[in-house]
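What follows is the residue order along each chain.
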Amino acid sequence: MSESKIVAQELADLDKKHFLHPTSSIQQQQEQGPGFIFTKGEGVYLEDVSGKKVIDGMSSLWNVNIGHGRKELGQAAMEQMNKLAFSSCFATFSNEPAIRLAAKLAEITPGNLNSTFFTSGGSEANDTAYKLARHYWILKGRPEKKKIISRKRSYHGVAMGATSATGLKPFRDFTNSLAPDFYYVDNLSAQSLREMVETEGPESIAAFVAEPVQGAGGVHIAPENYFKEVRKVCDDYDILFITDEVITGFGRTGKTFGIEHYGVVPDMMCFAKGVTSGYAQLGGVVLSESMFDDFKERSVGTLLHGYTYSGHPMACAVALKNIEIIENENLIENAKNMGEELLKGFKWIQGERKLVGEVRGLGLMGAVEIKSNKGPLSPIIVNEAAKQGLICRSVVFDDMDTLVFSPPLTINKQEIESLINILHDSIYAIEQKFL
Ligand code: PMP
């Protein structure tokens, strides 16, 4: 056996024995071992321990927006770590990268979203937004406003609040006791929200949370007027509107933030993932100026909410460099243009292959539905695509049988063509077996 095969085997054995993988099938891990042990990344490509190269059609977890292998981010992390790796942001302590990033976020987020609370990721961002919403109503003298409404098919993370808000029921069923006061409405109907508010009583509702484009739940894009109507329901009934931009932020949909497609501004915006393109662990919540003014005016004593890594200097330095790259390289414009190419490609496959149903996309978030009477086939297509050199994801919740995509924003036309060709050939291979 070659040296690299010996290492690969050793790693696979250790993986099975010692590594409980997140969001994974333990049975599959034990039977098959790791599918890929990645060792390198360059642009839209990942390479594994055996030297196999694949297109990262998901930007890993919808997050590597600027692509793999960008040395500038390593440099920014190293410089900050060498200068000041960590110091606290509790109480009145602060640091330069956190301050500058908060100011940058105020500049690039829409409307009067102006102050940021930092977390280490998206789940913490969601829990923070729900707790800040409830705390806000306590400060406003309306402590009975505590219910959080989210949407069916939504994904908000796996912390206790985020799990409780997640509309994909299997994530909630994983545990047997959730956080109280969470409710779910139909995902693309503002009327469903209005009805829920009227049934439950607006005096009991703190906030409504929504992803501008639902990601993990299958890339569902809201109709044009949906968020305007949502904003109106929230305004009519004094309900805070939170957008979860953990996937849709930082250029993913062809605008800086997904909600900009809909011309409304939320009261709070959760972000993570693309803020650092995954090069460091960072998330947060941006609050509207008017909310922050209310906090300033009414808050007494200590704001008893904070993570050790809130405002982590290294993570914030990486985020600043990442946002600079997104801006300097016009990656948002590229996401828009390449998103159109991706959707064109999906439509071509739809014309060629019987297994393909609806296709959709906004910027570089895309979905291809699979229609068959042979049970869900998207997981098998994902395996075939991986063999042929493309990473994508299957969504099989709620009777969906859908492939989803979110390649790096740096992707070019040729790489889109390769992605589309591999996808086509993978679907063709499965058609040969099942049709
Ligand atoms: N919100 C959304 C919309 C997400 O897609 C995710 C992660 N996929 C999260 C929250 C949770 O983020 P994290 O995994 O960083 O906790």
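Residues take numbers from 1 onward in each chain, read along the sequence in its written order. For a predicted model such as this one, the threshold for reporting local features is a pLDDT of at least 70, and the threshold for listing and counting side-chain atom pairs is 80 or more; totals across whole chains, interfaces and linings nevertheless cover every residue. Only hydrogens and water are set aside; all other atoms, that is, all heavy atoms of the structure, feed into the side-chain values.

*Asks:* How should I be thinking about the site of the ligand in this particular structure?
*Replies:* The rule for a residue being near a molecule or strand is that one of its heavy atoms must lie within 4 Å of it. In the region of the ligand, the neighbouring residues are G121, G122, S123, N126, Y155, H156, G157, E211, D244, V246, I247 and K273. A 3.5 Å cut-off defines polar contacts: any pair of N or O atoms within that distance qualifies, except that in protein one atom must be a possible hydrogen donor and the other a possible acceptor, and neighbouring residues in sequence count only when both atoms are side-chain atoms. Take K273: an N or O atom from its side chain is 2.9 Å from a nitrogen atom of the ligand. Using the Shrake-Rupley algorithm and a 1.4 Å probe, accessible areas are obtained, with residue cover drawn only from the displayed protein chains. Against a free-state accessible area of 390 Å², the protein chains account for coverage of 81% of the ligand. Secondary structure elements are defined from DSSP: runs of H or I of at least 4 residues count as helices, runs of E of at least 2 residues count as strands, and each element is numbered from the N terminus. At 3 residues, the largest contribution of residues to the shell around the ligand is made by helix α6 (residues 122-139).

*Asks:* Can you help me understand the domain arrangement of the chain in this one?
*Replies:* Frequently, the measure chosen for interface size is the accessible area that the parts lose on association. Taken domain by domain, the chain comprises domain 1 (36-66 + 330-434) and domain 2 (71-328). Start and end points for every domain follow an automatic or database-based domain assignment. Spacing between the C-alpha centres of domain 1 and domain 2 amounts to 27 Å. Two parts placed together each lose some accessible area; with a 1.4 Å probe, that loss summed over both constitutes the buried area. In this assembly, domain 1 packs against domain 2 so that about 2,600 Å² is buried in total across both faces, 65% of it on carbon and sulfur atoms. Considering only the surface of domain 1 that becomes buried against domain 2, I66, L362 and M365 emerge as the three largest contributors, covering 26% of it. Just to be clear on terms, a salt bridge is a Lys or Arg side-chain nitrogen sitting within 4 Å of an Asp or Glu carboxyl oxygen. Across the contact surface, domain 1 and domain 2 share 1 salt bridge. R153 is paired through a salt bridge with D398; the nearest N and O atoms lie 3.2 Å apart. Our count for the contact surface shared by domain 1 and domain 2 stands at 16 residue pairs in polar contact (both at pLDDT 80 or more).

*Asks:* Can you walk me through the environment of S94 in this structure?
*Replies:* For S94, the position within the fold is in the loop between α4 (71-84) and α5 (96-108). As for S94 and E79, which are separated by 15 residues in sequence, their C-alpha atoms are 18 Å apart. Contacts between residues were defined by any pair of non-hydrogen atoms, one from each residue, lying within 4.5 Å. Setting aside residues no more than four positions away along its own chain, S94 makes contact with S87, S88, C89 and I99.

*Asks:* What is the right way to read the layout of surface pockets from this model?
*Replies:* Sizing a probe to match a water molecule and rolling it over the atoms shows the empty space that remains. Every definition here rests on a 1 Å grid over the protein atoms only: cavities are sets of points where a 1.4 Å probe fits but cannot get out, pockets are open sets enclosed by protein on both sides within 12 Å along at least five of seven lines, and lining residues have some atom within 4 Å of a point. Grid points are joined across faces, edges and corners, and a volume is the space filled by probe spheres set on the points. What the second largest pocket holds in volume is close to 840 Å³. Considering the residues around the second largest pocket, the lining is formed by 26 residues, among which C89, A91, T116, F117 and L303 are closest to the centre. Mapped by element, the contributors of at least two residues to the lining of the second largest pocket are α5, β4 (113-119) and α11 (289-298). Looking at the lining of the second largest pocket, the element that brings in the most residues is β4, giving 4 residues. Residue classes follow a fixed rule: Ala, Val, Leu, Ile, Met, Phe, Trp, Tyr, Cys and Pro count as nonpolar, while Asp, Glu, Lys and Arg count as charged, and any other residue, Gly among them, counts as polar. Counted by class, the lining of the second largest pocket contains 16 nonpolar, 9 polar and 1 charged residues.

*Asks:* Is there a simple way to explain helix α1 (residues 3-18) in this structure?
*Replies:* The α-helix advances 3.6 residues per turn, and as a result positions three or four apart in sequence lie on the same side. The span one expects for a helix is its residue count, reduced by one, times 1.5 Å. For α1, with 16 residues, the first-to-last C-alpha span of 22 Å sits near the 22 Å given by 1.5 Å per residue. Taken together, the buried positions of α1 are occupied by A8, A12 and D15. In a view along the axis of α1, the buried residues occupy a sector of 65°, so they form one face of it. Pointing more than 90 degrees away from the buried face of α1 are the exposed residues E3, K17 and H18. Where α1 is buried, its residues touch α2 (26-32). Three exposure classes are used, based on accessible area relative to the maximum for each residue type with a 1.4 Å probe and protein chains only: buried under 20%, partly exposed in between, and exposed over 50%. In this description, the arc belongs to the directions extending from the helix axis to the C-beta atoms.

*Asks:* So what exactly am I meant to see when it comes to the sheet that holds strand β12 (residues 283-288) here?
*Replies:* Neighbouring strands of a sheet are bound in pairs by backbone hydrogen bonds; such pairs are parallel or else antiparallel. In this analysis, strands are considered paired if DSSP registers two or more bridges between them. Pairing is mixed in the open sheet, where 7 strands are placed in the order β4-β12-β11-β10-β7-β5-β6. Every interior strand has two partners, whereas the edge strands, β4 and β6 (182-185), have only one. Along the sheet, successive strands turn relative to each other by an average axial angle of 25°, direction set aside. One ladder, built from 3 bridges, connects strand β10 (residues 240-244) with strand β11 (residues 268-271); its direction is parallel. Residue D244 lies in a different strand from β11, and its bridge partner there is C270. In this analysis, axes come from line fits to C-alpha atoms, helices being fitted only over the stretch in contact, and the angle between any two N-to-C directions falls in the range 0 to 180 degrees. Docked against the sheet, α5 engages β4 and β11, running at close to 135° with respect to β4.

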